[in-house]
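# Chains, contacts and geometry: an overview
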There are 2 protein chains.
Amino acid sequence: MATTLHHLNDSRSFRIAWALEELGGNYDLVKYHRTEELLAPEEMKQVHPLGKAPILVDGDETLVESQCILEHLSQTHDGQFSANSTQARFWLTYCESSLMPYMVMGLVLKTAAGQSPKLLRPVFKKFVDAIGSAFTGPNLKGGLKYLNDYLAKHEFLSDEDQFGIADIQMEFAIFSAVQSGVDLKDYPAIRRWFEAVHERPAYQAALTRAGR
Amino acid sequence: MATTLHHLNDSRSFRIAWALEELGGNYDLVKYHRTEELLAPEEMKQVHPLGKAPILVDGDETLVESQCILEHLSQTHDGQFSANSTQARFWLTYCESSLMPYMVMGLVLKTAAGQSPKLLRPVFKKFVDAIGSAFTGPNLKGGLKYLNDYLAKHEFLSDEDQFGIADIQMEFAIFSAVQSGVDLKDYPAIRRWFEAVHERPAYQAALTRAGR
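Sequence order as written defines the numbering, with residues in each chain counted from 1. Note on labels: chains are lettered from A, ligands numbered from 1, in written order. Whole-chain, interface and lining totals are the exception, using all residues; otherwise, since this is a predicted model, local features are given only for residues with pLDDT of at least 70 and side-chain atom pairs are given and counted only at 80 or more. Processing note: side-chain calculations cover all non-hydrogen atoms of the structure and skip hydrogens and water entirely.

### Notes on the overall build of chain A
A count of helical and extended segments in chain A gives seven helices and four strands. For chain A, the α and β elements follow one another from N to C terminus as β-α-β-β-β-α-α-α-α-α-α. Radius of gyration means the value over C-alpha atoms here, while the globule rule gives 2.2 Å times the residue count to the 0.38 power. Scaling as 2.2 N^0.38, a compact globule of 212 residues should have a C-alpha radius of gyration of about 17 Å, and chain A matches this with 18 Å. Counting only C-alpha atoms, chain A reaches 55 × 45 × 25 Å along its principal axes. When a residue's accessible area, from a 1.4 Å probe over protein chains only, is under 20% of the maximum for its type it is buried; when over 50% it is exposed; and in between it is partly exposed. Looking at the 212 residues of chain A, the share that counts as buried comes to 55%. Residue contacts are counted whenever heavy atoms from the two residues lie within 4.5 Å of one another. Taking contacts inside chain A between residues at least 6 apart in sequence as the whole, the part at least 24 apart equals 67%. The helix and strand labels rest on DSSP assignments: H or I over at least four residues marks a helix, E over at least two residues marks a strand, and numbering proceeds from the N terminus.

### Considering the interface of chain B and chain A
At the interface, 40 residues of chain B touch 40 residues of chain A. Buried surface at the junction of chain B and chain A, both sides included, amounts to about 3300 Å², of which 69% is carbon and sulfur. What counts as a salt bridge is simple: a side-chain nitrogen of Lys or Arg found within 4 Å of a carboxyl oxygen of Asp or Glu. Inspection of the region where chain B meets chain A yields two salt bridges. Taking the shortest distance from any N to any O, the salt bridge between glutamate 71 of chain A and arginine 89 of chain B comes out at 3.3 Å. Think of a polar contact as two N or O atoms within 3.5 Å of one another; within protein, one of them needs to be a possible hydrogen donor and the other a possible acceptor, and neighboring residues in sequence only count if both atoms come from side chains. If you look at where chain B meets chain A, you find ten residue pairs in polar contact (both at pLDDT 80 or more). Element by element, the count of residues in the side of chain B that touches chain A is highest for helix α3 (residues 86-114) of chain B, at 16 residues. Residue polarity is assigned by list, with Asp, Glu, Lys and Arg as charged and Ala, Val, Leu, Ile, Met, Phe, Trp, Tyr, Cys and Pro as nonpolar; anything else, Gly included, falls into the polar class. The residue makeup of the side of chain B that touches chain A, split by class, is 23 nonpolar, eleven polar and six charged. When two parts are brought into contact, each loses some accessible area as probed by a 1.4 Å sphere; the total of that loss over both is the buried area.

### Quick look at the domain arrangement of chain A
All names here are of chain A. The assigned domain composition of chain A is domain 1 (3-81 + 203-209) and domain 2 (86-200). An automatic or database domain assignment supplies the residue ranges for each domain. Here the C-alpha centre of domain 2 lies 21 Å away from the C-alpha centre of domain 1. Residue-level contacts link 14 residues of domain 1 with 18 residues of domain 2. Roughly 1600 Å² of surface becomes buried between domain 1 and domain 2 when both sides are summed, with 60% attributable to carbon and sulfur atoms. The largest contributions to the domain 1 side of the interface with domain 2 come from Arg12, Arg15 and Trp18, which together make up 37% of the buried area. Taken together, the links from domain 1 to domain 2 amount to three salt bridges. For glutamate 22, the salt bridge identified is with arginine 200, shortest N-O distance 2.8 Å. Where domain 1 meets domain 2, there are nine residue pairs in polar contact (both at pLDDT 80 or more). Elements supplying a minimum of two residues to the side of domain 1 that touches domain 2: α1 (13-22), α2 (66-76) and α7 (201-209). At five residues, α2 tops the list of elements feeding residues into the side of domain 1 that touches domain 2. Its residues assigned to classes, the side of domain 1 that touches domain 2 comprises five nonpolar, five polar and four charged.

### Quick word on the relation of the copies chain B and chain A
Least squares is the method for superposing the copies, and the C-alpha atoms it fits come from residues with pLDDT of at least 70 in both. At an RMSD of 0.0 Å, chain B and chain A line up after a rotation of 180° and a shift of 0.0 Å along the axis. The operation mapping one copy onto its partner corresponds to a two-fold rotation axis. Measuring from the rotation axis to each C-alpha of chain B, the shortest distance belongs to serine 97 of chain B, at 2.2 Å. By residue overlap, the copies meet face to face through one surface: 100% of the interface positions of chain B are interface positions in chain A.

### Things to note about the pairing of strand β4 (residues 61-64) of chain B
All names here are of chain B. The criterion for strand pairing is that DSSP finds at least two bridges linking the strands in question. Looking at chain direction, strand β3 (residues 55-58) and β4 are connected through four bridges and run antiparallel. Residue pairing in the sheet places isoleucine 55 in a bridge with valine 64 of β4. Remark: two residues form the turn of the hairpin made by β3 and β4, two consecutive strands paired antiparallel; glycine 59 in that turn has positive phi of roughly 60°.

### A short note on the side chain of histidine 198 of chain B
All names here are of chain B. Topologically, histidine 198 is positioned in helix α6 (residues 188-198). Taking relative accessible area as the criterion, histidine 198 reaches 16% and is therefore assigned buried. Among the polar contacts listed, one links the side chain of histidine 198 to the side chain of tyrosine 203, at a separation of 3.5 Å. Excluding residues that lie within four positions of it along the chain, histidine 198 makes contacts with Glu171, Tyr203 and Gln204.

### Focus: the environment of lysine 45 of chain A
Relative to the elements of secondary structure, lysine 45 of chain A occurs in the loop between β2 (28-32) and β3 (55-58). When the C-alpha atoms of lysine 45 of chain A and valine 108 of chain A are compared, they prove to be 22 Å apart, with 63 residues separating the residues in sequence.

### Concerning the nonpolar core
Core analysis: the biggest nonpolar cluster contains 62 residues, and Trp18, Trp91, Leu157, Met170, Ile174, Ile190 and Trp193 of chain A have the highest contact counts within it. With residues near it in sequence (within four places) discarded, isoleucine 190 of chain A still touches Leu144, Leu147, Asn148, Leu151, Ile174 and Leu184 of chain A. In terms of nonpolar packing, the next biggest core, distinct from the first, is built from 61 residues, Ala88, Met103, Leu144 and Phe194 of chain B among them. Nonpolar cores are built from buried Ala, Val, Leu, Ile, Met, Phe, Trp, Tyr and Cys residues. Side-chain atoms within 4.5 Å join them into one set.

### Things to note about the packing of α3 of chain B against helix α5 (residues 165-179) of chain B
Residue and element names in this part refer to chain B. Their axes nearest at 8 Å, the elements α3 and α5 cross at an angle of 20°. As summarised for this structure, α3 and α5 are arranged roughly parallel, according to the angle between their axes. Considering only the axes of α3 and α5, their crossing is left-handed. When α3 is examined against α5, the residues Ala88, Trp91, Leu92, Tyr94, Cys95, Glu96, Leu99, Met100 and Met103 are found in contact with a partner set consisting of Ile165, Ala166, Gln169, Met170, Phe172, Ala173, Ser176 and Ala177. Residues of the contact of α3 with α5, tallied by class, amount to 14 nonpolar, two polar and one charged. The angle between two axes is taken between their N-to-C directions and runs from 0 to 180 degrees, where each axis is a line fitted to C-alpha atoms and a helix contributes only its stretch in contact. Orientation is classified from the angle alone, with under 35 degrees giving roughly parallel, over 145 giving roughly antiparallel, 65 to 115 giving roughly perpendicular, and any other angle giving oblique. Note on convention: the crossing is left-handed when the near helix lies turned anticlockwise from the far helix by less than a right angle, right-handed when the turn is clockwise.

### Some words on the sheet that holds strand β4 (residues 61-64) of chain A
Residues and elements named next belong to chain A. If you trace the four strands from one edge of the open sheet to the other, you get β2-β1-β3-β4, paired in mixed fashion. With one partner strand each, in any of the chains shown, β2 and β4 form the two edges of the open sheet. Within the sheet, the average angular offset between the axes of one strand and its neighbour, ignoring direction, is 20°. As defined by bridge partners, strand β1 (residues 3-8) adjoins β2 across five bridges and the pair is classed as parallel. Counterpart to histidine 6 in the pairing with β2 is valine 30. In this fold α2 packs onto β3 and β4, with an angle of close to 130° to the strand it touches most, β4.

Set out below in structure tokens:
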């Protein structure tokens, strides 16, 4: 059965490339590029109606949503991935349902303020900063502190304390946080874990083959 | 083993009250109220460090994140809830990871614009509307259309087409969409499903006991 990853640059689909490399790298890769407006291109809707990355076509199943795809790969490659513990399921869910939305909101607001008419930019920046101080900032910091406290006591994000799909899921969130200016020196346990997962050969292979 | 739901008004924890009523209503309820800033009160952090609703304490486990709690209840009450099909897992995840973030972003922006200094309000409203037209609006509409297309062919949100935790998860998203002005006459299949799930005795029992 053929496995094809529909991959978009600078998106969550890097996770699936990495997971597939962890499982031996036996997959086809179709690359897409973001439009000038930084959106997924229209042609992705021909693969799945929602038109978002990642999309994994595995045999006759077409799967979307990082969490669903990672859980699917975990189930179809029994034992190769830590996935089903309560802790792993918490981190898988928390990442996309709580942590990432704060980050995406912050990024969308910053981009919108930056693209606004030059004269209005300072006033929009103030507006965006106020939302950051009241809502996105405290929630993001709270989430990173909670993760740091956890990783100060554990090597990886599962009950068995073994590398697995929750680590792959969460790496993208931390990568995004760093890109948007979060300094990991404030979160030493996250930094230790972040550097450790980047040393994995499968991570490096995904970088080379799919790219971030 | 005692089961306690820590419930916050106007939040996702209504889902868990509803699920627990579907399972017989054998749980304790602790009610919390949003602060004037519409946030969860600080005291919720004493139950779980993230301080967000819902929190379910089930025996010696303290669980957060709607999806994790619903999956836990499904696993501990085998067969009473449709949950583990690919389709149910997709809707469970899509709801919180993709659909809700667009809605929350729309709501936060609308609230922030409404609370801004009166003189600047029209210009912030324009800024917020521009983000709505370019990002949150199209994504929300795309998601609702996709759900409507699915429900035009299925009664409920699982492969077995039986009521289950994915329906409970998604009801909150549709409830929120309606609250924020989405007219379900544009989505007749969603409206049919929305009215059907509201007729369930457990939904009515959760309304009476926990409140939305």
